[in-house]
Amino acid sequence: MDSVRRVISVIVINESSVLARVAGLFAGRGYNIESLTVAPIPKSDFSRLTVVTNGSQRVIEQITKQLNKLIPTLKVIEHEEMVEKEMVLVKFPSAEHISDIQALCSTYNGNIVHAGENNIIGMVADEPKRVENFLDACSRYNPLEIVRGGVVAIER
Amino acid sequence: MKMSGAQMVCEAIIAEGVTTVFGYPGGAIMNVYDAIYKQTGFEHILNRHEQASVHAADGYARATGKVGVAMVTSGPGFTNAVTGLATAYMDSIPMVVISGQVPLSLIGTDGFQEIDAVGISRPCTKHNYLVDKLEDLPRIMKEAFYIARSGRPGPVLVDVPKDITAEIGEFIYPTEVNMPTYKPNHKGNERQIKKAVDAIVAAKKPLLYIGGGVVLGNAGELVRKLANMAQIPTVETLMARGVMGHDNPLLLGMLGMHGNYSSNMAMSETDLVISLGARFDDRVTGKLSEFAKYAKIIHVDIDPANIGKLVDVDYPIVGDTAEVVAKMIELIEDSVDTSRYQAWRDILNRYNELHPLSYEDSDEVLKPQWVIERIGQTLGEQAIITSDVGQHQMWAAQFYPFDRPRQWINSGGLGTMGFGFPAAIGAKRGCPDKTVINITGDGSILMNMQELVTAAEYEIPVINVILNNHFLGMVRQWQTFFYEKRYSSTDLSFQPNFKMLAEACGGIGYDVTTKKEFDDALADAIKQNKVCFMNVAVNRLENVLPMVPAGGALYNMLLEHKEY
Ligand SMILES: Cc1ncc(C[n+]2csc(CCOP(=O)(O)OP(=O)(O)O)c2C)c(N)n1
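Residues numbered from 1 in each chain as written. Chains lettered and ligands numbered in written order. Predicted model: local features only at pLDDT ≥ 70, side-chain atom pairs only at ≥ 80, totals over all residues. Heavy atoms only, no water.

Two measures define how a pair of helices packs: the angle their axes make with one another and the distance between the axes. Residues and elements named next belong to chain B. Between helix H10 (residues 220-230) and helix H13 (residues 321-332), whose axes approach to 9 Å, the crossing angle comes to 25°. Considering the angle they form, H10 stands roughly parallel to H13. Crossing geometry of H10 relative to H13 is assigned as left-handed. Note on element contacts: H13 touches H10 through Ala322, Val325, Ala326, Met328, Ile329 and Ile332, opposite Leu222, Val223, Lys225, Leu226, Met229 and Ala230. Tallied by class, residues from the contact of H10 with H13 come to 11 nonpolar, no polar and one charged. (Axes fitted to C-alpha atoms, helices over the stretch in contact; angles between N-to-C directions. Helix = DSSP H or I, 4+ residues; strand = E, 2+ residues; numbered from the N terminus. Parallel < 35°, antiparallel > 145°, perpendicular 65-115°, else oblique. Left-handed = near helix turned anticlockwise from the far one by under 90°. Contact = heavy atoms within 4.5 Å. Nonpolar A, V, L, I, M, F, W, Y, C, P; charged D, E, K, R; others polar.)

Before going further, it helps to spend a moment on the site of the ligand. All names here are of chain B. Lining the immediate surroundings of the ligand are 17 residues, of which Gln391, His392, Gly443, Ser444 and Gly473 lie closest. Contacts to the ligand include Phe471, whose backbone N or O atom sits 3.1 Å from an oxygen atom. In the model, an oxygen atom of the ligand is placed 2.7 Å from a nitrogen or oxygen of the Gly473 main chain. Compared with its free state, where it exposes 580 Å², the ligand has 77% of that area covered by protein. Looking at the shell around the ligand, the elements with two or more residues in it are helix H16 (391-399) and helix H19 (473-482). Looking at which element gives the most residues to the shell around the ligand, the answer is H19, with three residues. (Near = heavy atom within 4 Å. Polar contact = N/O pair within 3.5 Å; in protein donor to acceptor, adjacent residues only side chain to side chain. Areas by Shrake-Rupley, 256 points an atom, 1.4 Å probe, with all protein chains shown as cover.)

On to the layout of surface pockets, then. Put simply, the second largest pocket is a space of about 730 Å³. Along its surface, the second largest pocket is lined by 25 residues, and Ile13 and Glu15 of chain A together with Tyr129, Arg139 and Ile140 of chain B are the ones closest to its centre. If you list the elements that add at least two residues to the lining of the second largest pocket, you get strand E6 (127-130) and helix H6 (137-149) of chain B. The leading source of residues in the lining of the second largest pocket is E6 of chain B, at four residues. (1 Å grid on protein atoms, 1.4 Å probe; cavity = no way out; pocket = protein on both sides within 12 Å on 5 of 7 lines; lining within 4 Å. Points joined across faces, edges and corners; volume = space filled by probe spheres on them.)

Below, the structure written as structure tokens:
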């Protein structure tokens with residue numbers, strides 16, 4: 001069966017073991033995690049986990065059902081109509097042309113967030129596909145380090 | 001009322017109506033054991049191994065339908081309990097296991113007998129808790145029992161640090177649970193049920209496929225009623241033996257790897273599978289692409305994740321089997337034409353005449369199948385049969401004349417050798433009026449044989465019938481069929497003296513080699529009312545047949561195996 005990519009949001013009770021439950025479920029049943037982000041939902045007892053995964057239609061269906069089965073899970077949202085964003089930080093040598101990097105970052109909804117003696121750090125927040133493009137473009141400027149934040153998503 | 005955390009644990013157990021707790025003490029759980037000493041609300045049975053405690057609680061739960069409770073200490077006490085948790089998890093058995101934990105201040109320091117119990121048990125429990133505040137304890141106990149028995153049942157672990165059980169606090173046991181994230185659906189969608197019933201009425205070759213969920217959901221009687229009313233042929237999984245009753249003409253038998261011919265052929269030729277509380281396990285389906293190839297599928301299950309997991313389903317119905325089947329009966333009553341399936345029933349009856357479930361009896365050597373039939377003739381409906389894992393388990397499932405749900409207790413999902421004896425102890429405690437027989441093998445029985453001491457001490461008269469083939473028989477059978485008879489590590493010629501072993505532990509032993517000796521031993525064992533080992537020498541190289549080789553299609557059964 002064809003593998004499809006899915007962004008799944010899981011609303012869970014904000015308690016210490018819950019991330020282990022979700023991660024353990026993926027590991028134990030052999031599901032892929034492309035990226036995973038977690039943060040508490042403001043003014044509530046819940047957290048929102050955003051998982052990017054891929055698998056056959058049957059596997060994706062199992063993932064959502066198994067996530068739903070976890071006792072601390074309130075809701076699983078598996079939606080094709082999501083606004084997705086991912087943040088990335090890239091460190092460049094200070095010898096590179098700062099204005100070029102600045103221009104590149106702003107093309108992708110970003111900016112220079114640090115320019116010091118040792119290095120320049122750029123930040124971008126954009127759709128995952130565009131983040132890939134940005135990183136491709138960055139390679140010309142000899143990036144020293146790349147830190148990706150994982151996808152966050154919200155329903156349209 | 002003010003009391004210690006340890007007392008709260010006991011009070012919660014009493015409030016839940018549990019009358020027997022199985023367990024084993026140790027440092028981290030000692031406060032609770034002290035509270036057990038001072039209370040009179042339940043009995044505590046000291047097994048001689050934590051694995052046995054958990055299996056005993058499990059057997060108690062399976063036999064009675066109530067939640068089983070086991071209690072263990074931290075570290076090795078807990079790790080010994082893991083096999084028991086996994087066994088119960090795979091078969092969806094309602095159980096609460098309480099484990100001691102090192103004091104909160106020591107957690108994470110590799111303290112003495114510290115192990116991450118919630119971490120280890122996460123994949124083999126329905127849910128688990130580490131109690132880190134005394135004030136949460138009453139609520140957690142309440143939730144643990146509720147989660148264990150509601151929805152798709154399963155084991156729940158409550159890990160309680162030692163300082164929590166020592167602390168004094170206010171105890172008010174909640175009367176209700178309020179869990180916004182856990183609300184199992186019982187009803188079943190009415191429109192879907194209606195559509196499924198329409199499909200049944202329109203089918204030509206419908207087949208009821210009954211699983212353990214029917215037993216767990218106490219839906220046995222309703223399922224019988226549905227089958228009888230609509231005159232639909234029926235197959236049972238290993239976990240559902242007893243639901244239809246062995247002499248119901250609609251029951252074809254057990255299906256799957258060691259299912260009988262007509263059951264497996266029925267599944268291969270049906271045009272409508274009505275799956276009730278079954279989960280399409282690989283030991284049942286054989287090769288998936290050939291399974292029920294010509295059929296539409298109705299799948300009724302309390303767990304949505306079971307539906308569509310392995311096969312595509314045409315009529316998915318999430319709900320409690322009893323509630324859904326009751327609704328089906330209502331709808332089907334006036335619309336079904338039972339003569340419609342007559343031709344189908346005739347075909348299946350002919351299959352059954354062609355290849356009935358059978359074995360070749362002998363006057364020279366005892367046949368294990370004969371022994372099981374004999375127990376059935378002697379005790380029938382009166383007995384609860386537990387089992388271990390191997391050939392003896394399959395023969396028991398095939399040849400015992402089961403008549404009711406909860407009469408047959410075995411580890412189907414995990415296949416845990418060593419389950420049968422402690423489970424029998426739990427079943428007997430839960431159902432003292434029944435004769436409890438563990439049908440076991442010479443390999444399996446040794447895996448929890450220390451329970452002889454438990455059963456002798458507490459006067460729990462479990463009859464262990466050891467079908468002794470001096471082999472790890474089931475593995476040996478695979479070696480015969482698929483490994484050119486290279487009997488690697490399966491020969492159990494070196495044996496303990498089972499009779500003396502039983503006697504040494506305060507039980508009774510019997511050595512049996514003939515039919516007459518078996519009848520005498522069984523009669524005596526029933527009369528003596530004491531735990532016993534019945535060492536029954538059976539034909540060494542007997543094979544379990546029919547057999548669908550692993551991964552093969554259900555209709556490709558080995559029906560006989562002549563050469564040896
Ligand atoms: C704890 C455990 N270890 C290993 C196995 C694998 N296994 C399945 S059947 C079997 C042989 C069982 O032998 P015995 O109890 O003598 O029963 P028989 O098959 O001879 O009737 C083994 C080793 C298992 N199911 N459980």
